[in-house]
Amino acid sequence: MKYYLTTPIYYTNAAPHIGHAYTTIAADCIRRVKQMYGFEVTLTTGTDEHGVNVERAAIAAGKTPLEYTDVIAEEFRRQWQILGLGIDRFERTTSAKHAKVVQDLFLRCKNAGYVYKGHYTGQYCIFDNAYINDAKPGDPCPDCGRPTETVTEENYYFKLSAFTDRLLDLYSNQPDFIQPEIRRNEVIAFVRQGLKDLSISRTTIKWGIPVPGEEKHVFYVWFDALSTYMSAVDGENLWPADLHLIGKEIVRFHAVYWPAFLWAAGLDLPKRIFAHGWLLFENDKMSKSRGNIVRATPIHNVLGTDALRYFLLREVPFGSDGSFSYDALVGRYNSDLANGLGNLASRTLTMIHQYREGLVPAGASDNHVAAHAESAVELALEAYERFDFSRALETIWGLIATVDKYIVEQAPWKLAKGGDDCVAALDGALYTSAEALRVIVGVLYPVMPQSCARIWAQLGMDSHLDTVRIKDLHWGHLEPGQKLRPAAGVFPRAEPKSSIEKMKALETEELARQMALLGKTAPPAPAAATAEGGGSAQITIDDFAKVDLRVGIVKSAAPVKGADKLLHLSVDIGEPQSRSIVAGIALAYKPDALIGRKVVIVANLAPRKLRGLESQGMIVAASLGDGAPVLASFLEDVPIGARLK
Ligand code: MSP
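Residues numbered from 1 in each chain as written. Predicted model: local features only at pLDDT ≥ 70, side-chain atom pairs only at ≥ 80, totals over all residues. Heavy atoms only, no water.

Asks: Kindly report on the site of the ligand, identifying the contributing residues and their values.
Replies: Around the ligand, 24 residues are found, and the nearest of them are Ile-9, Thr-23, Asp-48, Glu-249 and Leu-279. Between the ligand and Tyr-11, the relevant distance is 3.0 Å, taken from an oxygen atom to a main-chain nitrogen or oxygen of the residue. Protein coverage of the free-state accessible area of the ligand, which is 670 Å², stands at 94%. Listing elements by their share of the shell around the ligand, those giving two or more residues are β1 (2-11), α1 (18-36), α7 (221-226) and β12 (243-247). A breakdown of the residues in the shell around the ligand according to their chemical character gives 14 nonpolar, eight polar and two charged. (Near = heavy atom within 4 Å. Polar contact = N/O pair within 3.5 Å; in protein donor to acceptor, adjacent residues only side chain to side chain. Areas by Shrake-Rupley, 256 points an atom, 1.4 Å probe, with all protein chains shown as cover. Helix = DSSP H or I, 4+ residues; strand = E, 2+ residues; numbered from the N terminus. Nonpolar A, V, L, I, M, F, W, Y, C, P; charged D, E, K, R; others polar.)

Asks: Give me the lowdown on helix α5 (residues 164-173), citing residues and values where you can.
Replies: Given 3.6 residues to a turn, an α-helix orients residues that are three or four positions apart in the same direction. All buried positions along α5 are accounted for by Thr-164, Leu-167, Leu-170 and Tyr-171. In an axial view of α5, the angular spread of the buried residues amounts to 125 degrees, which keeps them on one side of the axis. Away from the buried face of α5 by more than 90 degrees, exposed residues Asp-165 and Asn-173 are located. If you follow the buried residues of α5, they end up packed against β7 (178-179), α6 (181-192) and α9 (251-264). (Buried < 20%, exposed > 50% of the residue type's maximum accessible area, 1.4 Å probe, protein only. Arc of directions from axis to C-beta. Contact = heavy atoms within 4.5 Å.)

Asks: Describe the sheet that holds strand β13 (residues 273-276), naming the residues involved and giving the relevant values.
Replies: In space, the six strands of this open sheet follow the order β3-β2-β1-β12-β13-β7, with parallel pairing throughout. In this open sheet, the two strands that pair with only one neighbour each are β3 (89-92) and β7. (Pairing = 2+ DSSP bridges.)

Asks: Describe unusual backbone geometry, naming the residues involved and giving the relevant values.
Replies: In this chain, Gln-179 is followed by Pro-180 through a cis amide linkage whose omega measures -5 degrees. You can see Pro-180 is positioned in the loop between β7 and α6. Cis geometry marks the peptide bond from Trp-239 to Pro-240; its omega dihedral reads 10 degrees. Its place among the elements puts Pro-240 in the loop between α8 (228-231) and β12. Of note, Asn-237 is a non-glycine position whose phi angle comes to about 60 degrees, a positive value. In this fold, Asn-237 is placed in the loop between α8 and β12. Not every positive phi belongs to a glycine, and Glu-282 is a case in point at roughly 45 degrees. Turning to its location among the elements, Glu-282 is positioned in the loop between β14 (279-281) and α10 (296-302). Relative accessible area serves as the criterion here: at 45%, Glu-282 is assigned to the partly exposed category.

Asks: Explain the environment of Asp-548 residue by residue, including any values.
Replies: If you trace the backbone, Asp-548 turns up in the loop between α20 (541-545) and β16 (549-560). A relative accessible area of 12% means that Asp-548 is categorised as buried. Through-space distance from the C-alpha of Asp-548 to that of Asp-284 is 24 Å; in sequence the pair is 264 residues apart. Contacts of Asp-548, omitting those with residues within four sequence positions, involve Ile-601, Val-602, Ala-603, Asn-604 and Arg-643.

Asks: Which residues make up the sheet that holds strand β5 (residues 130-132), and what values do they have?
Replies: Backbone hydrogen bonds hold the strands of a sheet together, and the pairing may be parallel or antiparallel. One open sheet accounts for four strands, arranged β5-β4-β6-β8; its pairing is antiparallel. Across the chains shown, the open sheet's two edge strands, defined by having one partner strand only, are β5 and β8 (198-199). Of the pairings in the sheet, the one linking strand β4 (residues 115-125) to strand β6 (residues 149-158) comprises ten bridges and is antiparallel in character. Looking at β6, one finds that Lys-117 is bridged to Tyr-156.

Structure follows, in structure tokens:
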């Protein structure tokens, strides 16, 4: 039984960050779930190295495109190794094997009559590698908002228009071809408008795979990139893929273009495409220009990879957008891992060491705990099957709570003092807790492989956790008499302030390392990250004079849909129109309590969009690390519009 799944191949114009890690970690988790079901799983990833923006990034770094992509491809490969992800094939689009597969795919499409030559003039987004239909010169890209460029060139066209009806039939006959439903509906709506033929070659760039017999043409990057799913497993009899796991922004390429290319070439389609949502940083898009990109290795170094895996898969329902913040990460780590699973493991193991010399006693199982474990495993596995990781984890944490409660009720520490009368009860309590722990780490293993393997070993299990199969998760497999190994804490409590500072400092180092690899210098680190002991870098009076701080009064305040921490305020600072300001203070202030309150705002901050709302300034507040923000205010009355100097 084979199962072949893929991640997207990542562009090599930027180094890996947690957005990329998110998809690859989810894929690794699915790989492990499928292995538990006995599948022989192959997971491929790789790098998408051609295209004009890679070419330009290389030139800017003073390198040839291949020198440049060699460095970044290695960064991705290294990243997945550090995170311990089970990557079976890593394919680069610059490999000779891949070029051959792309050229073969083209010839198959051409020979079947689906390719013709034409000319194209239009707007093109070099960042998304997509032509923008109906855009005029000067229009921004509707997806990323960056300027489009006008291009005119001789192209090979692919007859995408021939596949409109067939695609619509596919979506209706195979409703799980695109998941989740919201993405499926978007794709159907897009295809229903009718499809235009697609340009699949370029003559304006050189950095690409040449079209056979037409050396001045190179392939359009998506024709090139999608073929990786086949070239990565060329000759291995693994096609078609069982699953393409992707981010929501590239659904159209996978669910419309890719099936059409494959049909035209007479090849099988992948079985399923699942698009997850976007990972934001504190509700904001991560981007180089905002300087808010988070990398995975600092988190790995401070809290461990499993903490990141747990956070990403628990915090964000898979398929929806979600937000990353260091505060939330450390919060979940402490509450769910250190206090939750970690505490259950150390308590259970320590008691068996203490009261039964480290040997699992032959006690009777508690029926209620055993029944809960059976049903929790079943529900968690069903949720894994739907890629509903957060639900699976909630279910498992429900079981952890049951076992915790059971231990408190049984109070083994009292039974241990109760003499002969309590022997059976103590054996039962210890066996039940240890067996529950075994089942919990068994079912949790796909999400947290390293920590679960450590607990598994401490339980004295001889098998390696990655050989555990679904049938082993049933209650009652723990052998009485089994000798535990020494217990050691798996999730030591993290002190929030210092661990966050450490991750931020490592983040700055990691950025500098990656920039140096590309021959660039890193931008100066933000003052907060470099300052020791709460101090900050010095600025001149002229620097300070650039900041326009004004007194304003809050006219209205309302929650922002889908963002727990944000409020949308209208603030009068004495200008003809009040300012629209989006502020991250919702957890500390109720909207009504703010109306009529005087606040300080930074009035000359470049406007930006948050959750689709324009924010024309920033409210000044004291930031208390883990605590709630406190708005700056005055003891004396101050006029609206007054400037702070
Ligand atoms: N090269 C194309 C994909 C070709 S696949 C045949 C591409 N590359 S990318 O580097 O931009 O990576 C895109 C993928 O990375 C997304 O589809 C998503 O899986 C992941 N992510 C990158 N940033 C992300 C977030 N901030 N949040 C979640 N995932 C994101 O598109």
